[in-house]
Amino acid sequence: MNLVKVINLIKADINKLENERKKQIEIINKQFDEKIEKLTIALQVNMDLNTICIKCEGKGRISYLDAAGDTDHKVCDRCNGTKLEPKEQTL
Ligand SMILES: [Zn+2]
């Protein structure tokens, strides 16, 4: 039985699909990269302009559940209660 032509056709089809997948992934990656890059720039601009602590949102305190399950508050460990964003900003 000679199936060489069929085998070669299937191989070519697989190759074609793999190449098409690669192309589409590249297009999708590029689209997401562009969107993420724009948002990253917007995020950085806003973080540069922001002066309020992003962890406690300017409250100076953070609420948490204590061992008994009751809400308690503690001084924000990001701004140490100043309500201001530390100069050294990290995401
Ligand atoms: Zn804070």
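Residues numbered from 1 in each chain as written. Predicted model: local features only at pLDDT ≥ 70, side-chain atom pairs only at ≥ 80, totals over all residues.

**Some thoughts on the overall build of the chain**
Reasoning step 1: Each helix and strand counted, the chain has one helix and two strands in total.
Reasoning step 2: The order of α-helices and β-strands along the chain, N terminus first, is α-β-β.
Reasoning step 3: What you see for the chain is a C-alpha radius of gyration of 27 Å, clearly larger than the 12 Å of a compact globule of 91 residues, by over 25%.
Reasoning step 4: If you line up the chain on its principal axes, its C-alpha atoms span 80 × 40 × 15 Å.
Reasoning step 5: Buried residues in the chain amount to 3% of all 91 residues. (Helix = DSSP H or I, 4+ residues; strand = E, 2+ residues; numbered from the N terminus. Rg over C-alpha atoms; globule rule 2.2 N^0.38 Å. Buried ≥ 20, exposed ≤ 12 C-beta atoms within 10 Å, placed from the backbone.)

**Here's the deal with the domain arrangement of the chain**
Reasoning step 1: Taken as a whole, the chain is organised into domain 1 (1–49) and domain 2 (53–85).
Reasoning step 2: Each of domain 1 and domain 2 has a C-alpha centre, and the two are 44 Å apart. (Domains from an automatic or database assignment.)

**Examining the pairing of strand β2 (residues 71–75)**
Reasoning step 1: Here β2 lies mainly on the outside; zero of its five residues are buried.
Reasoning step 2: Summarising the sheet, strand β1 (residues 61–65) and β2 pair through five bridges and their orientation is antiparallel. Bridge pairing in β2 places R61 opposite V75. (Pairing = 2+ DSSP bridges.)

**Observations concerning unusual backbone geometry**
Residues apart from glycine generally show negative phi values, whereas peptide bonds are mostly found in trans.
Reasoning step 1: Unlike most non-glycine residues, E57 shows phi in positive territory, near 55°.
Reasoning step 2: Secondary-structure assignment places E57 in the loop between α1 (4–49) and β1.
Reasoning step 3: Residues other than glycine seldom take positive phi values, yet K83 does so here, at roughly 70°.
Reasoning step 4: Residue placement: K83 occurs in the segment after β2.
Reasoning step 5: Overall, K83 belongs to the partly exposed group, with 16 C-beta atoms counted inside 10 Å.

**Points about the pairing of β1**
A regular strand places its side chains so that they alternate between the two faces of the sheet.
Reasoning step 1: Burial analysis of β1 places just zero of its five residues in the buried class, which makes it a mostly uncovered element.
Reasoning step 2: Taking the residues between adjacent antiparallel strands as the criterion, β1 and β2 are bridged by five residues, where G69 takes a positive phi near 90°.

**A closer look at the environment of K16**
Reasoning step 1: Tracing the sequence through the fold places K16 in helix α1.
Reasoning step 2: Sequence spacing of K16 and V45 is 29 residues, and the spatial spacing of their C-alpha atoms is 44 Å.

**Comments concerning the environment of P86**
Reasoning step 1: Here P86 shows up in the segment after β2.
Reasoning step 2: Look at P86 and you get partly exposed, because 13 C-beta atoms sit within 10 Å.
Reasoning step 3: When the C-alpha positions of P86 and A68 are compared, they lie 32 Å apart, and in sequence the two are 18 residues distant.
Reasoning step 4: Ignoring sequence-local partners within four residues, the contact set of P86 consists of R78 and C79. (Contact = placed C-beta atoms within 7 Å.)

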